[in-house]
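Chain residues, written in single-letter form:
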Amino acid sequence: VVKNVAGYDLMKLMTGSWGSLAVISEVTLRTYPQPAASKTLVMTGAADTLATLLSQLLKSRLTPTGLTYVNAATLGWLREQAVAAPALLVRVQSVAVGVETQIDTLSQWAAALNLTAEPLEQEAEQILWERLQQRRDRATLSAQNNLVTAKVGALPDGAIATLETLEAMVPVMAAVSHGASGLGWVALDLEKIEQVAAARALYQKQKGFFSVMEAPLDWKQSLDIWGYTGNALTLMRRIKQQFDPQNSLSPGRFLV
């Protein structure tokens, strides 16, 4: 049980500190049984049409447990075949009748928008989400040549359009965006270090962020890793002083 009545919202504070405020020594988890039924609908088509479907879904009473947008390159890697269009991956888990009802509704919406909808279940579904997790693991996309990986965020209603604009600007090797939050990550095959600033400017224009996670060493040493820091830096430094007055936890890792 997490108690935040002491003053700080400790969960968000620690998660956002990148290890600069505390060391996790013990974790207690609440576990739940596997859902009775599970199915994923892979809907492919034009990015703007997928954005329309996503908006419709978020305004509905449907309760997906997985809602992820991937660009064509990422979907091709997941499916191990050439793919020409991006996709929205929607996973529904509940009792069997509830899953079927929601999948049928989604399929009807997809058909009305001329999207291709492919249902996956059991082993095929499990493999898809496991491979997506593997692709997300930065170790599989460690910086080689001029590959830059970044954590990105944009307003949910504009996240897909922002990724589309990014793909028109620079070569995007992989792109993933979580439908409900607009958070995700990208892997870019860049020619010039200046392209990082252009990508960041795109996301900041959308009231988002572009944080460099991995890049060639000589690039990373001269890059602005975090970008715009907002107006909370003074407060962040005061919190750092309270939690870690000796500055012994991850010194230099973050802005504080």
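These notes cover the structure that comes with them. Note that this is a predicted model, so its numbers are computed, not measured. (Residues numbered from 1 in each chain as written. Predicted model: local features only at pLDDT ≥ 70, side-chain atom pairs only at ≥ 80, totals over all residues. Heavy atoms only, no water.)

**Remarks on the overall build of the protein**
Piece 1. A tally of regular secondary structure across the protein gives nine helices and eight strands.
Piece 2. Relative to a compact globule of 256 residues, whose C-alpha radius of gyration would be 18 Å, the protein shows 20 Å and is just as compact.
Piece 3. C-alpha extents for the protein along the principal axes are approximately 60 × 50 × 30 Å.
Piece 4. The burial tally for the protein puts 41% of its 256 residues in the buried class.
Piece 5. Taking contacts inside the protein between residues at least 6 apart in sequence as the whole, the part at least 24 apart equals 72%.
Piece 6. Of the roughly 14800 Å² that the protein leaves accessible, carbon and sulfur atoms contribute 53%.
Piece 7. Of the side-chain charges in the protein, 22 are positive and 22 negative, and the distance between the mean point of each set is 10 Å. (Helix = DSSP H or I, 4+ residues; strand = E, 2+ residues; numbered from the N terminus. Rg over C-alpha atoms; globule rule 2.2 N^0.38 Å. Buried < 20%, exposed > 50% of the residue type's maximum accessible area, 1.4 Å probe, protein only. Contact = heavy atoms within 4.5 Å. Areas by Shrake-Rupley, 256 points an atom, 1.4 Å probe, with all protein chains shown as cover. Lys, Arg positive; Asp, Glu negative; His and termini not counted. Charge placed at Lys NZ, Arg CZ, Asp CG, Glu CD.)

**Some details on unusual backbone geometry**
Piece 1. Even without glycine at this site, N114 takes up a positive phi of about 60°.
Piece 2. A relative accessible area of 71% places N114 in the exposed class.

**Side note on a nonpolar patch on the surface**
Piece 1. Residues I24, V27 and L29 make up a contiguous nonpolar surface patch of about 380 Å² in total accessible area.
Piece 2. Summarising the element assignment, I24 is placed in the loop between α1 (10–15) and β1 (37–44).
Piece 3. By relative accessible area, I24 is classed as exposed at 70%. (Patch = residues over 30% accessible without salt bridge, like charges linked within 9 Å, V, L, I, M, F, W, Y side chains within 5 Å. Salt bridge = Lys/Arg side-chain N within 4 Å of Asp/Glu carboxyl O.)

**Comments concerning the side chain of R91**
Piece 1. In this fold, R91 is placed in strand β3 (residues 87–94).
Piece 2. At 3.1 Å, the side chain of R91 and the side chain of E125 are in polar contact.
Piece 3. Among residues more than four places away in sequence, those in contact with R91 are S38, K39, T40, P64, T65, G66, E125, Q126 and W129. (Polar contact = N/O pair within 3.5 Å; in protein donor to acceptor, adjacent residues only side chain to side chain.)

**Some remarks on the sheet that holds β3**
Piece 1. Reading across the sheet, the eight strands line up as β4-β1-β3-β2-β6-β7-β5-β8 and stay open at both edges, with antiparallel pairing between neighbours. Two strands bound the open sheet, and with one partner strand each, they are β4 (116–120) and β8 (209–214). The average angle at which neighbouring strand axes cross in this sheet is 20°, direction not considered.
Piece 2. Its contacts with the sheet put helix α4 (residues 96–112) on β1, β3 and β4, and the angle it makes with β1 is roughly 10°. (Pairing = 2+ DSSP bridges. Axes fitted to C-alpha atoms, helices over the stretch in contact; angles between N-to-C directions.)

**Overview of the packing of aromatic side chains**
Piece 1. Scanning the model with the defined rule gives two aromatic pairs in all.
Piece 2. Taken together, a centroid distance of 6.2 Å and an interplanar angle of 45° make the contact between Y203 and F210 tilted. Each member of the pair, Y203 as well as F210, is classed as buried.
Piece 3. The ring centre of W77 lies 4.1 Å from the NZ or CZ of R131, which sits over that ring. (Phe/Tyr/Trp six-rings, centres within 6.5 Å; stacked < 30°, edge-to-face > 60°. Lys NZ or Arg CZ within 6 Å of the ring centre and 35° of its normal.)

**A word on the nonpolar core**
Burial of nonpolar side chains together is a common tendency in soluble globular proteins.
Piece 1. If you look at the biggest cluster of nonpolar residues, it comprises 46 residues, and the most contacted ones within it are L88, L166, V186, L188 and F210.
Piece 2. Core analysis: the second largest hydrophobic core is formed by 15 residues, W129, V176, W185 and A187 among them. (Core = buried A, V, L, I, M, F, W, Y, C linked by side-chain atoms within 4.5 Å.)

**Some points on the pattern of salt bridges**
Piece 1. Going through the model one piece at a time under the given rule, you end up with five salt bridges.
Piece 2. The shortest N-O distance in the salt bridge between E80 and R131 comes to 3.8 Å. Of the two residues, E80 sits in the loop between α3 (72–79) and β3 while R131 sits in helix α5 (residues 122–136), which places them 51 residues apart along the sequence.

**A short note on the pairing of strand β6 (residues 172–178)**
Piece 1. The buried fraction of β6 amounts to five of the seven residues, a majority that puts the element mostly inside the structure.
Piece 2. With three bridges joining them, strand β2 (residues 66–70) and β6 adopt antiparallel strand pairing. The partner of Y69 across the bridge, within β6, is S177.
Piece 3. In this sheet, strand β7 (residues 183–189) lies alongside β6 in antiparallel orientation, the contact comprising five bridges. When the sheet's bridge partners are listed, S177 is paired in β7 with G184.
Piece 4. Remark: four residues form the turn of the hairpin made by β6 and β7, two consecutive strands paired antiparallel; G182 in that turn has positive phi of roughly 80°.

**What to know about the packing of helix α6 (residues 159–169) against helix α7 (residues 194–205)**
Piece 1. Where α6 meets α7, the closest approach of the two axes is 10 Å, and the angle between their N-to-C directions is 160°. As the angle between them shows, α6 and α7 are arranged roughly antiparallel. Of the two possible hands of crossing, α6 and α7 adopt the one that is right-handed. Counting all contacts with α6, which are made through T162, L163, T165, L166 and M169, the residues of α7 involved are A198, A199, L202 and Y203.
Piece 2. Partitioning the contact of α6 with α7 into residue classes produces seven nonpolar, two polar and no charged. (Parallel < 35°, antiparallel > 145°, perpendicular 65-115°, else oblique. Left-handed = near helix turned anticlockwise from the far one by under 90°. Nonpolar A, V, L, I, M, F, W, Y, C, P; charged D, E, K, R; others polar.)

**Re the pairing of β2**
Piece 1. In terms of burial, β2 is a largely internal element, five of the five residues being buried.
Piece 2. Residues G66, T68 and V70 of β2 are buried on one face, and the alternating residues L67 and Y69, pointing to the opposite face, are buried as well.
Piece 3. Sheet topology places β2 next to β3; five bridges connect them, and they run antiparallel. By the bridge assignment, T68 is partnered in β3 with L89.

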